[in-house]
Amino acid sequence: MSAAPLDHAPGPIDRPRTVGAIRRALPPELRDRFQGALDDAAPEDLFALVALWGAVAQTATDAGADAAAGAVRAGTADTYEIGDVFLALAGTL
């Protein structure tokens with residue numbers, strides 16, 4: 001198994017966390033799907049649903065997400081051995 005670091009600005013992740021913020025962050029073509037998911041969700045599933053769609057909205061507004069996904073699909077993304085990743089993470093703690 002391997003993993004590649006993502007080039008990103010350090011700091012907290014700016015993820016929309018409310019239904020309204022998610023709706024505003026989603027591209028227009030995904031807003032109806034989001035509303036449908038909300039309409040069909042059981043009350044006990046709403047927290048997880050909002051968290052999931054918050055991640056979708058964050059990714060949809062990330063300019064580098066499409067390029068990164070394309071590189072992964074094409075097999076051209078940089079990869080690293082998982083042991084090296086753990087060592088690097090341990091050095092940054």
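Nothing here was measured: the structure is a model prediction, and the numbers come from that model. (Residues numbered from 1 in each chain as written. Predicted model: local features only at pLDDT ≥ 70, side-chain atom pairs only at ≥ 80, totals over all residues. Heavy atoms only, no water.)

### Quick look at the packing of helix α2 (residues 28-40) against helix α3 (residues 46-60)
Okay, so step 1: Two numbers describe how α2 lies on α3: the axes approach to 10 Å, and their chain directions differ by 170°. For the element pair α2 / α3, the angle class is roughly antiparallel. Between α2, through Leu30, Arg33, Phe34, Ala37 and Leu38, and α3, the contact on the second element is made entirely by Leu46, Leu49, Trp53 and Val56.
Okay, so step 2: Split into classes, the residues belonging to the contact of α2 with α3 amount to eight nonpolar, no polar and one charged. (Axes fitted to C-alpha atoms, helices over the stretch in contact; angles between N-to-C directions. Helix = DSSP H or I, 4+ residues; strand = E, 2+ residues; numbered from the N terminus. Parallel < 35°, antiparallel > 145°, perpendicular 65-115°, else oblique. Contact = heavy atoms within 4.5 Å. Nonpolar A, V, L, I, M, F, W, Y, C, P; charged D, E, K, R; others polar.)

### Side note on helix α4 (residues 65-74)
Okay, so step 1: Counting buried residues in α4 gives one out of ten residues, a small share hidden from the surface.
Okay, so step 2: Immediately downstream of α4, the backbone of Gly75 shows phi near 80°, a positive value. (Buried < 20%, exposed > 50% of the residue type's maximum accessible area, 1.4 Å probe, protein only.)

### Some thoughts on the confidence of the model for the protein chain
Interpretation of the predicted coordinates at a detailed level should be avoided for regions scoring low in pLDDT.
Okay, so step 1: With 84% of its residues at a pLDDT of 70 or more, the protein chain has an overall mean of 84.
Okay, so step 2: Per-element confidence in the protein chain ranges from a low mean pLDDT of 54 for strand β1 (residues 2-3) to a high of 96 for α2. (pLDDT = per-residue confidence, 0-100.)

### Here we look at the nonpolar core
The nonpolar side chains of a soluble globular protein tend to be buried, and buried together.
Okay, so step 1: With nine residues, the main nonpolar core is built from Ile22, Leu26, Leu30, Phe34, Leu38, Leu49, Val50, Trp53 and Ala57.
Okay, so step 2: At the level of secondary structure, the elements contributing two or more residues to this core comprise α2 and α3.
Okay, so step 3: If you tally residues by element for this core, the top one is α3, at four residues.
Okay, so step 4: Those residues in contact with Leu30 that lie beyond four places of it in its chain are Trp53 and Val56. (Core = buried A, V, L, I, M, F, W, Y, C linked by side-chain atoms within 4.5 Å.)

### Quick look at the packing of aromatic side chains
Okay, so step 1: In this structure the tally under the stated criterion is one aromatic pair.
Okay, so step 2: Aromatic pair Phe34 and Trp53: ring centres 5.3 Å apart, planes at 50°, arrangement tilted. With Phe34 in helix α2 and Trp53 in helix α3, this pair connects stretches of sequence that are 19 residues apart.
Okay, so step 3: Overall, the relative accessible area of 0% leaves Phe34 in the buried class. (Phe/Tyr/Trp six-rings, centres within 6.5 Å; stacked < 30°, edge-to-face > 60°.)

### Re α2
Okay, so step 1: Buried within α2 we find Leu30, Phe34 and Leu38. Here the buried residues of α2 occupy an arc of 85° about the axis, which is enough to place them on one side. Turned more than 90 degrees away from the buried face of α2 sit Glu29, Asp32, Arg33, Asp39 and Asp40, all of them exposed.
Okay, so step 2: Against the buried residues of α2 lie α1 (19-25) and α3. (Arc of directions from axis to C-beta.)

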